[in-house]
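Observations on the three-dimensional arrangement
Given next are the chains, with one letter for each unit.
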Amino acid sequence: MMLGYIFSYLSKSLTASLSRRTVTCGPVLRHTEEKAGCRGNQQSPGLFSSVTMLALPAFRIGHFLAKRGLPAFASIRTAHGHEIAKQEDMSVPKYIDRQDTPLPDVPYQQELNSEQRALKVKEKGSWKDLTNEEKLAIYRIMFHQSYGEMKKPTNEWKTVIGGLLYFIGFTGLIVWWQRVYVYPKMPQTLTEDWKAMQARRMLDMRMNPIEGFASKWDYEKNEWKK
């Protein structure tokens, strides 16, 4: 909303400034605009028209934003004729259960009923007069969870592993579908028969006979060397 007011103010200031500069010319602008324009201001009507055309959309946008307000700065939004809760103010202290913060900034329950207010009054006296249930109730007013409850393991790991397995299985289905319906057939040069003929051709050509492929073949016995 503040951004809308800024747009509106700037556009109004720009339009008013241009209007004042044009009015000072008076009749001179109307009668001598084709010759030399206004002396002292040299304000061209073409330039004024262009700037005015640019200023009017800015004014309309600023007026619209100021009237309607931006969603990010709106404190109350309306849907289907019903008001939605006011946007939470993040500048005030909040309660949060953290193991590294033993004392939160604010208590867990800030709006107390009659019984809780009575306990808070009784809390100021001797704690020997309080029962264990009352001490626990006072604790729950200040804190939502104890350290034991915060450290207690949860079943969240099951959800994580289940989601991981789901995506792995889905990816496997996509790979299988691509191999069956998308990828072309395996080239002939990768078949076992072609590899055997290629190896025989390399032996016949005696490729690398000293330390390479052909050096491991016994040409007299026609088998691989042992």
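So, here is what we can say about the structure in this document. Keep in mind that this is a model prediction, so the values were computed, not measured.

1. Describing the overall build of the protein chain
When helices and strands are tallied, the protein chain shows eight helices and four strands. Order of helices (α) and strands (β) in the protein chain, N terminus to C terminus: α-α-α-β-β-α-α-α-α-α-β-β. Residue pairs at least 24 apart in sequence account for 41% of intrachain contacts in the protein chain once pairs closer than 6 positions are excluded. Element-wise, carbon and sulfur atoms account for 60% of the exposed surface of the protein chain, whose accessible area totals about 19,300 Å².

2. Notes on the environment of proline 107
Tracing the backbone through its elements, the reader meets proline 107 in the loop between strand S2 (82–83) and helix H4 (114–123). Sequence-wise, proline 107 and methionine 142 are 35 residues apart; in three dimensions their C-alpha atoms are separated by 4.5 Å. Ignoring any residue separated from it by four or fewer positions in sequence, one finds proline 107 in contact with Tyr95, Ile141 and Met142.

3. Comments concerning unusual backbone geometry
Residues other than glycine seldom take positive phi values, yet arginine 206 does so here, at roughly 55°. Along the chain, the position of arginine 206 falls in the loop between helix H8 (192–204) and strand S3 (217–218). Residue asparagine 222 is not a glycine yet carries a positive backbone phi of 60°. Summarising the element assignment, asparagine 222 is placed in the loop between S3 and strand S4 (223–224).

4. Re the pattern of salt bridges
Tallying each qualifying case throughout the model produces five salt bridges. A salt bridge links arginine 98 to aspartate 100, with the shortest nitrogen-to-oxygen separation between them at 2.7 Å. Residue aspartate 100 is classed as exposed on the basis of its relative accessible area of 55%.

How each quantity is defined
Residues numbered from 1 in each chain as written. Predicted model: local features only at pLDDT ≥ 70, side-chain atom pairs only at ≥ 80, totals over all residues. Heavy atoms only, no water. Helix = DSSP H or I, 4+ residues; strand = E, 2+ residues; numbered from the N terminus. Contact = heavy atoms within 4.5 Å. Areas by Shrake-Rupley, 256 points an atom, 1.4 Å probe, with all protein chains shown as cover. Salt bridge = Lys/Arg side-chain N within 4 Å of Asp/Glu carboxyl O. Buried < 20%, exposed > 50% of the residue type's maximum accessible area, 1.4 Å probe, protein only.

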